[in-house]
Amino acid sequence: MSETTKRRGFKKKRYTVPIIILILLIAFRLYLPTLVKNNINKVLADIPGYYGQVEDVDIALIRGAYVINGMYLSKGTAESQVPFLNFPKSDISIEWKSLFKGKIVSEIIMTSPEVIYVFEDQKEESGDADVDDWTKALTDIVPIDINHFEVHDGKVAFVQLSAEPNIDLQIDKLELTADNLRNVVEKERILPSPIRASGVSIGKGKVSLEGNMNLVKEIPDMDLSFSLENAEATALNDFTNYYAGIDFDKGTFGVYSEVAIADGHLIGYVKPLLTDTKLIGEGDGFLEILWEGFVGFFKFILKNQGTDTLATKVPFEGDLNNVEAGVWPTVLNIFKNAWIKAFTGEVDDDINFKDAFKEGEITREQKRELRKKEREEKREQRKKEREAKKG
């Protein structure tokens, strides 16, 4: 074989190998969305007691992201056709600002997600997924730590189809952010993950949730406050009619709550308020009017006449397998609101994370760290209040 022929052969090989590699890379890139989609569908299929599917997956290699479109998950024994989880669009990507700091973490942005709890579908069955099953599913879908999480235009609902009419209690237009979800040093006993959420409830009420959590535990530690304000009481009629045989003709309602959990020990309260409410409607029958009049009589006696509010504060404490509301404190708080002092329409701010600690569980160093964090939060809150007054 001549030297010229050998050179031509080498030239062909020199170009052929890169071309083959390029073709293989292009083929792999084209097949990658299908590969990821099949893997996610397998993960969903392996969750005990549930079934789900993903419609499509888009890959964006340049920004290190993939978008999951049309993902849903339903109970295997569900009687309805309503998905338990419905996530139309979930964008999962590398958080670049953390990458520049030498940390490889992800951020998730979900658009219009829905969590719909259908009472009849969620009956306990043998073989239902436990904490380990859900944790494994999450880590398989998102293999690196989640540092930033956002929800836009979300919805959470409780539905009871067996009621007549159907009960549908929901919060929509949900906006939520959570940060620093897994960068935790356990021994410090602090809550590293701030979470904030807002939304609109049934009856056009204003929903707000804020606080801090430590999610890297089977039972997460947390210190949260929740408020639902100025919702139309008539929006509760389907619920109250079914469970108590009463409905509202007018008025507003609110719910205020604080919850703290430390190592599975929970402490907190729920404070419901009814303002300027009227129970008897024009279209009610004789028996309904009689019952609502009976309830209304006690409502008149127990409400605070100056502010026209009926309210109570229900405290609870215990482990998460045995949470019991305090009955006598609840009754006393009803009379306290009626005759001594009206409850204000706000969170009381009297539950802190350390309140959930069992006796002897917290050290001086931990107390110092918690007090420092509380002082910083209060300074930040006062700063925001001053800025709001100036504005």
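Owing to the predicted nature of the structure, the values given are computational and were not obtained by experimental measurement. (Residues numbered from 1 in each chain as written. Predicted model: local features only at pLDDT ≥ 70, side-chain atom pairs only at ≥ 80, totals over all residues. Heavy atoms only, no water.)

*Asks:* What is the right way to read unusual backbone geometry from this model?
*Replies:* With glycine set apart, most residues show a phi of negative sign, and most peptide bonds adopt trans. Cis geometry is adopted by the peptide bond preceding proline 165, which originates at glutamate 164 and carries an omega value of 0 degrees. We note that aspartate 263 has phi near 50 degrees; this positive angle belongs to a residue other than glycine. Of note, aspartate 263 is situated in the loop between strand 11 (250-262) and strand 12 (265-278). Within the chain, aspartate 276 stands out as a residue other than glycine whose phi angle is a positive 55 degrees. (Helix = DSSP H or I, 4+ residues; strand = E, 2+ residues; numbered from the N terminus.)

*Asks:* Just checking my understanding: could you explain the environment of threonine 234 for this structure?
*Replies:* Along the chain, threonine 234 falls in the loop between strand 10 (221-232) and helix 4 (237-244). Classification of threonine 234 by relative accessible area gives partly exposed; the value is 33%. Put simply, threonine 234 and threonine 277 are 43 residues apart on the chain and 9.2 Å apart in space, counted from C-alpha to C-alpha. Ignoring sequence-local partners within four residues, the contact set of threonine 234 consists of Phe248, Asp249 and Lys250. (Buried < 20%, exposed > 50% of the residue type's maximum accessible area, 1.4 Å probe, protein only. Contact = heavy atoms within 4.5 Å.)

*Asks:* Would you explain the environment of glutamate 79 in this entry?
*Replies:* By the element assignment, glutamate 79 lies in the loop between strand 2 (65-75) and strand 3 (85-94). Note on glutamate 79: relative accessible area 59%, which makes it exposed. Through-space distance from the C-alpha of glutamate 79 to that of aspartate 121 is 5.9 Å; in sequence the pair is 42 residues apart.

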